[in-house]
Amino acid sequence: MLDRFYLIIDGTQWLPRVLPLGVKFCQLRIKDKSEDEIRSQVREAKQLCDKAGAVLVVNDHWQAAYDANVGYVHLGQEDLKTADFRALRSAGIYYGISTHDEAELDTALALDPEYVALGPIYNSTSKEMHWQPQGLETLKKWRERTNKHLVAIGGITLERASDVFSAGAGSIATISDVTTATNPEHRTAQWLEASKNW
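The structure contained in this document is the topic of the report that follows. (Residues numbered from 1 in each chain as written. Predicted model: local features only at pLDDT ≥ 70, side-chain atom pairs only at ≥ 80, totals over all residues. Heavy atoms only, no water.)

Here we look at the overall build of the protein
Check the secondary structure of the protein and you find nine helices and eight strands. Rg of the C-alpha trace for the protein: 16 Å, near the compact-globule value of 16 Å for 198 residues, within the 12% margin. Counting only C-alpha atoms and orienting by the principal axes, one finds that the protein spans roughly 40 × 40 × 30 Å. A buried classification covers 52% of the 198 residues belonging to the protein. Counting contacts in the protein only where the partners sit at least 6 residues apart, residues at least 24 apart contribute 50% of the total. In the structure as shown, the protein presents an accessible area of about 9,600 Å², 46% of it carried by carbon and sulfur atoms. Taken together, the 22 basic and 27 acidic charged side chains of the protein have centroids lying 3 Å from each other. (Helix = DSSP H or I, 4+ residues; strand = E, 2+ residues; numbered from the N terminus. Rg over C-alpha atoms; globule rule 2.2 N^0.38 Å. Buried < 20%, exposed > 50% of the residue type's maximum accessible area, 1.4 Å probe, protein only. Contact = heavy atoms within 4.5 Å. Areas by Shrake-Rupley, 256 points an atom, 1.4 Å probe, with all protein chains shown as cover. Lys, Arg positive; Asp, Glu negative; His and termini not counted. Charge placed at Lys NZ, Arg CZ, Asp CG, Glu CD.)

In C-alpha cells form, the structure reads like this:
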C-alpha cells in the first residue's frame, strides 16, 4: 500500500532532511543534470530510501532506475513511447503514469500502471503547466473510472488535503508546499502528522 503523503524532491540533498521524519513515499525528479549526475543521485537515493524503508520513485529516467534496481518509476505521457515496459515488468519495477485528460487516462490504463497521477488539481507553482486546473470534480470522475491507486498533484497544500482525499485521491503528491516552506522539515512533519487521520 502506497503512503498517502507523496513528497517530490529535486535532488538527494533533501533525503537526509525528510527521511528521518518518517517520509515513506518520495519521488526523485531531477531536471537539467548530466546523465552521470542523474545516475549517481539515483543510486544514492536508493541507498538512503532502502535504509529508511521508504519507497523511491524515479521520475522520467527509467533506464537509470532500471540499472539501479529502483522499485518504481514515474512516467509522463511523453515517456511512454520510449520506455521499455517489458524490461520494467521483467525486473519487477512498478510504474506510475501522469494523466491530464480522458485520452491520456485511457492510454495510461492500457499499460496497467501501479498508479495513475492526475493534475494539476489546482494552479501549480512548481512547474509551468499547459493544462487548466482539473479540480475536485475531475478527480471524482477519475476515481469512478478506475480502481488503480490515484495520485493527485498540482497546487495542493496541507490545508486543501482533506478535500482532495474526500474526492478520491489515494495519495497526494506535493512539491512546493514543502520545498518552498520557511521550514521544510516542520512542514513535512505537519503533513505526516495529518496523514495519520486520513
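Points about the sheet that holds strand E6 (residues 115-118)
Two orientations exist for strands paired in a sheet by backbone hydrogen bonds: parallel and antiparallel. Taken together, the eight strands give a closed barrel; going around it, the order is E1-E2-E3-E4-E5-E6-E7-E8, and neighbouring strands pair in parallel fashion. Sheet twist, expressed as the mean angle between neighbouring strand axes with direction ignored, is 25°. Across four bridges, the pairing between E6 and strand E7 (residues 149-153) is parallel. Looking across to E7, one finds that Ala117 is bridged to Val151. Contacts from helix H2 (residues 35-52) reach strand E2 (25-28) and strand E3 (55-59), with the element oriented near 165° to E3. (Pairing = 2+ DSSP bridges. Axes fitted to C-alpha atoms, helices over the stretch in contact; angles between N-to-C directions.)

Here we look at the side chain of Ser171
Structurally, Ser171 can be placed in strand E8 (residues 171-174). Assessed through its relative accessible area of 0%, Ser171 is described here as buried. A polar contact of 2.5 Å, which involves the side chain of Ser171, links it to the backbone oxygen of Asp3. In terms of polar contacts, Ser171 uses its side chain to reach the side chain of His149, at 2.7 Å. The residues contacting Ser171, other than those within four sequence positions of it, are Leu2, Asp3, Arg4, Tyr6, Phe25, His149, Leu150, Val151, Ala152 and Phe165. (Polar contact = N/O pair within 3.5 Å; in protein donor to acceptor, adjacent residues only side chain to side chain.)

Some points on the packing of aromatic side chains
Inspection of the entire model under this criterion finds eight aromatic pairs. Ring centres 3.8 Å apart and planes at 5° place the aromatic pair Tyr6 and Phe25 in the stacked group. Of the two residues, Tyr6 is situated in strand E1 (residues 5-9) and Phe25 in strand E2; the sequence distance between them amounts to 19 residues. Exposure remark for Tyr6: the relative accessible area of 1% places this residue in the buried category. Since its relative accessible area comes to 0%, Phe25 is described here as buried. Between Trp191 and Trp198, the aromatic rings sit 5.8 Å apart at their centres with planes inclined by 70°, giving edge-to-face as the arrangement. An aromatic cluster of at least three residues, connected via ring pairs, comprises Phe5, Phe165, Trp191 and Trp198. (Phe/Tyr/Trp six-rings, centres within 6.5 Å; stacked < 30°, edge-to-face > 60°.)

Here's the deal with helix H6 (residues 135-145)
Helical geometry note: an α-helix holds 3.6 residues per turn, so side chains three or four residues apart project in the same direction. All buried positions along H6 are accounted for by Gly135, Thr138, Leu139 and Trp142. When H6 is viewed along its axis, its buried side chains cluster within an angular range of 105° and face the same direction. Residues of H6 that are exposed and angled more than 90 degrees away from the buried face: Glu137 and Glu144. Tucked into the core, H6 has its buried residues touching strand E5 (94-99), helix H5 (102-110), E6, E7 and helix H7 (158-166). (Arc of directions from axis to C-beta.)

With respect to the environment of Ile175
Relative to the assigned elements, Ile175 resides in the loop between E8 and helix H8 (176-179). On the accessibility criterion, Ile175 (17% relative accessible area) is buried.

Take it as geometry only, folks, not as evidence of what the structure does.
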